[in-house]
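# Commentary on secondary and tertiary structure
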Amino acid sequence: MNRPSPLFLAALCALATSAQAQTTTTDADTPRDYVVTGARQPQARADVVRPVTVITAQDIRLSGQRSLLEVLQTYGGVEMAANGGLGQTGSLFIRGASSEHTVVLIDGVRIGSATLGTASLDALPLDLIERVEVLQGPSSSLYGSDAIGGVVQIFTKSAERSPGVSLALTGGSNGLSALTGSFIKRYGSTDVALSLGTLHTNGYDVTTPDHYAHNPDRDGYRTRQGSLRLTHKVNDAHELSAQLMQAHGRSEYDDGATVDALIRQTVQTASTQWRARWSPVWLSELRLARSWDKSESVSTFSGVFNTTQDQLSWQNTLSLGGNTVILGAESLRQAVDSDTNYDVKSRRINSVFGGWRGKLGDHALQADLRHDGNSQFGDHITGQLGWGWQLLPDLRLRAAYGTAFHAPTFNVLYYPFFGVPTLTPERSRSTEVGADWQLGNTLLGLTWFDNRISDLIIYPPPTYVPTNVARARIRGVTATVSSTLASGTRLKASVTAQNPESRDTGYQLQRRSRVYGSASVIQPLGDSTRVGVELTGAGTRYDNATESVRMGGYTVVSLFAAHSFSPSWALEGRINNATDKRYELVQNYVPPRANAQLTLRWTPGL
Amino acid sequence: MNPLLPSIDPSRRACMAVGLSLLAHAVLLGGWWAAASSPKRLAPVVIELAAQARAPMQVQWLAAAPSRPVDRSAAAVPGSSPAKPVGGSRAMADGHRRVAAQMAAATNPRAASVAPPAAEVSAAVMPGHAAVAGTVAGAAGGPGDARAAASAAPTSSMSAAEPARAVGPQPLPGNALPGYPLAAREDGLEGRVLLRVQIDPVGAVCDVAILQRSGVNLLDQAARDAVRAWRFRPASDGREAVASSLQLAIRFSLREPAPRMELALAGIAR
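About the criteria used
- Residues numbered from 1 in each chain as written.
- Chains lettered and ligands numbered in written order.
- Predicted model: local features only at pLDDT ≥ 70, side-chain atom pairs only at ≥ 80, totals over all residues.
- Helix = DSSP H or I, 4+ residues; strand = E, 2+ residues; numbered from the N terminus.
- Buried ≥ 20, exposed ≤ 12 C-beta atoms within 10 Å, placed from the backbone.
- Contact = placed C-beta atoms within 7 Å.
- Pairing = 2+ DSSP bridges.
- Core = buried A, V, L, I, M, F, W, Y, C linked by C-beta atoms within 7 Å.

### Some remarks on the overall build of chain B
Within chain B one finds 7 helices and 9 strands. A total of 270 residues make up chain B; the buried ones form 47% of that total. Contacts in chain B between residues far apart in sequence, at least 24 positions, make up 73% of those at least 6 positions apart.

### Quick word on the environment of Ser145 of chain A
Residue and element names in this part refer to chain A. As for its placement among the helices and strands, Ser145 is situated in the loop between α4 (140-143) and β8 (150-156). Sequence separation between Ser145 and Gly112 is 33 residues, and the spatial gap between their C-alpha atoms is 12 Å. With sequence-adjacent residues up to four places away left out, Ser145 is seen in contact with Ser140, Ile349, Asp372, Phe405, His406 and Ala407.

### A closer look at the pairing of strand β19 (residues 363-374) of chain A
Residues and elements named next belong to chain A. Where strand β18 (residues 346-360) lies against β19, 11 bridges are found, and the strand directions are antiparallel. Pairing of Gly354 across the sheet is with Leu369, part of β19. The hairpin turn running from β18 into β19, its antiparallel successor, is 2 residues long, and Gly361 in that turn takes a positive phi close to 65°. Sheet topology places β19 next to strand β20 (residues 378-392); 12 bridges connect them, and they run antiparallel. Its bridge partner lying in β20, Leu365 is registered against Trp387. In this antiparallel pair of consecutive strands, β19 and β20, the connection spans 3 residues.

### What to know about the pairing of strand β5 (residues 102-106) of chain A
All names here are of chain A. Along β5, 5 of the 5 residues are buried, which leaves the element largely enclosed by surrounding structure. The alternating pattern of β5 places Thr102, Val104 and Ile106 on one face and Val103 and Leu105 on the opposite face, and all of these are buried. Here 5 bridges tie β5 to β8, and the two strands are oriented parallel to one another. Looking across to β8, one finds that Ile106 is bridged to Ile154. Sheet analysis places β5 next to strand β6 (residues 109-111), joined by 3 bridges and oriented antiparallel. Counterpart to Val104 in the pairing with β6 is Ile111. Hairpin remark: β5 followed by β6, antiparallel, with 2 residues in the connecting loop; positive phi at Asp107, about 50°.

### Details of the nonpolar core
Counting residues in hydrophobic clusters, the biggest one holds 67 residues, and the most contacted among them are Leu72, Met80, Leu92, Val104 and Ile154 of chain A. Once you skip the residues sitting within four places of it in the chain, Leu72 of chain A turns out to touch Val78, Met80, Leu92, Val134 and Val152 of chain A. If you look at the next biggest cluster of nonpolar residues, it comprises 43 residues, including Leu189, Val205, Ala226 and Ala243 of chain B.

### Digging into the environment of Asp236 of chain A
Residue and element names in this part refer to chain A. On the secondary structure map, Asp236 appears in the loop between β12 (219-233) and β13 (238-253). Given 9 C-beta atoms within a 10 Å radius, Asp236 is considered exposed. With 162 residues separating them in the primary sequence, Asp236 and Arg398 have C-alpha atoms 36 Å apart.

### So, unusual backbone geometry
All names here are of chain A. Although it is not a glycine, Phe417 adopts a positive phi angle of roughly 65°. You can see Phe417 is positioned in the loop between α5 (410-414) and β22 (426-439). By C-beta crowding, Phe417 is classed as exposed, having 5 other C-beta atoms within 10 Å. In this model, Asn588 sits at a positive phi of 70°, which is unusual for a non-glycine residue. With respect to the secondary-structure elements, Asn588 resides in the loop between β31 (569-576) and β32 (595-602). Accessibility expressed as a C-beta count within 10 Å gives 18 for Asn588, which makes it partly exposed.

Here you go:
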């Protein structure tokens, strides 16, 4: 037996302790520090071809109890619309594409409703989330169907980034109360991450009196969520992980003055993953996962729509010299269980994909190709070409061209007496050109994009039968700034100016604006306090397809502050919509008015 | 079924109850442990890296990219066998004999000719040889190192002159500082964490306790995990190596665009 007996070493340690107790400490030298220095972020990565927007753990923590959609709007550089506040239905628009054109992944597991084609981002609580990465632009060649606008990758808490125990108690306006806790520890070669939480709010009246189904009651929301992730390093080459996540919510909405309408929504994932490094050259990741999106509406007419998505994916990464080759295969089965009798209740999409990343001097190249096959829409091939050029040490140019598609949803294909099973996928072609410029501790980014979407499914009068006839084109420019000043001030800002229009009518696309942006400034005051301000805004939007229902532009200001009054205890506060701005994201629905919340957080030492 | 209550089926409700109960227990236990002041005892640390002298090249790589995973190989103590596994796998059986040999080698003037690699983390100086101290300082570069080496030299020369004097533990060359965690850099988090390290008579670390938190758990964890892999020249009571403890601090700082490492001696407590 090569290892010393634990008992022996324990005895040694005990001796050490007792020795210390018996002798006096020398005070010869004051302890001097070992210093570890790091370059401040942001740091332009030398291999970036398509920029990814990262929402960090601190951004999420300082956002308090808010809807994930609002956080994506403030830090993710995207647009959103919602039928109210916390827990209410919402949509996300990335680069002017519609809500069905976003792929949402939680720890690599695809979530969403196969009937609606959207993921319930409004049902996901922030407390489980450690980090979000937004990839804007067409990404079907990487992620498959639906990634016409982009991909939102959500990561739950892990031992690598959020170690320790944490407990947080929140109270706020409209009867907001929340309790969340996480226990994240590394035990040798096993990581355990457990998060649990519950939230309740009485809400406010989310509709205006003009709304056809207005009910003057408060529309509350409550949710319970939990996630557990176990990761075990079998040895240097193999790692196994298993994960469960569940968010179960109940939100009230208005469906008539005499009805107490509510929706019960559950988003769940279960997955296991095996990461194996078979050789220094070959890394293989195998994932088996299932996600659920269950929605039950309780009102005058009730409805149950449950989607189950089973995913098996195998991705291999080969590092050959300076090149990386990716080869993989995926199988996705979507099944619908509903009280509506869909003509077809499940479908399977099989995919193979490959990619190459290489470097030629200062040039980085990227090429991806993916083939998705399904018995309903046949075969579909998407691809992407990207190029990055480190022109100067602090200036990088990049360009990309890609195609993407969105498979029609079960609602338009198989809804009884309405669906058209011969519909083809919506498709898009997109070009982007951009530059990143680093000035000291400031990173500036500029991206021009042109996304053409065709075969869009609409319901034209007089028959209102879904048809692939529409085309849209979104051209725009996004500018981003990410900076840490010498005083410690951290600034992040993003502005997009775009022209989201239908190519058939020339009208602005519904609920999308010609300009939108956000900014966040965080200023540390001393070692234990941070204060900050967030701005989000958008220009004029229209809530129909013919520019006749106008929703004016808005700017919303939020303030926040955080103070640690001991290493273990901190107080964080927020005032959302501090100027009590009244605006509209969806016609006749009311976004949150001015409200405040306070969080007490306990994080004991490791 | 009351439509106003969430319909969670009993098995799921049970799971949530169990989960919340587990969390409550974990929180209570964690609080109790934190309140108790005795240092936590860790499982025996087996430092699995080869004790072979690694080049200054390795350290410069470290200096250029601190956020990459750190190669924690430790340089050999001059005079000791390069094949000796760090941290005590066979050492325990003949611990005293081996340590005595190590101490003998350390006082051997000939051993001093094998200078520790440049710019290593600690200025482990061979006793009685200011020349070696100069080499370490010169190779490491920077005024801080000269100070460190200079202050080490008098101590070591004194210890050479009086072999019976007690000497505290010294960090060996090759101990690697933690990389700056990427998540902490992204969020602009800095801090200083004070650690107490328990060192056994062979020079391996058997416990690391956090005396003063940095306020950022990620930095505390990185510091503690890195120091667990450190090697020391064990303390001596004049005749043989003994177990000891040492306080040291690691400060994570985001000051310069380009990373640097500074050398410093840590305070000694026994």
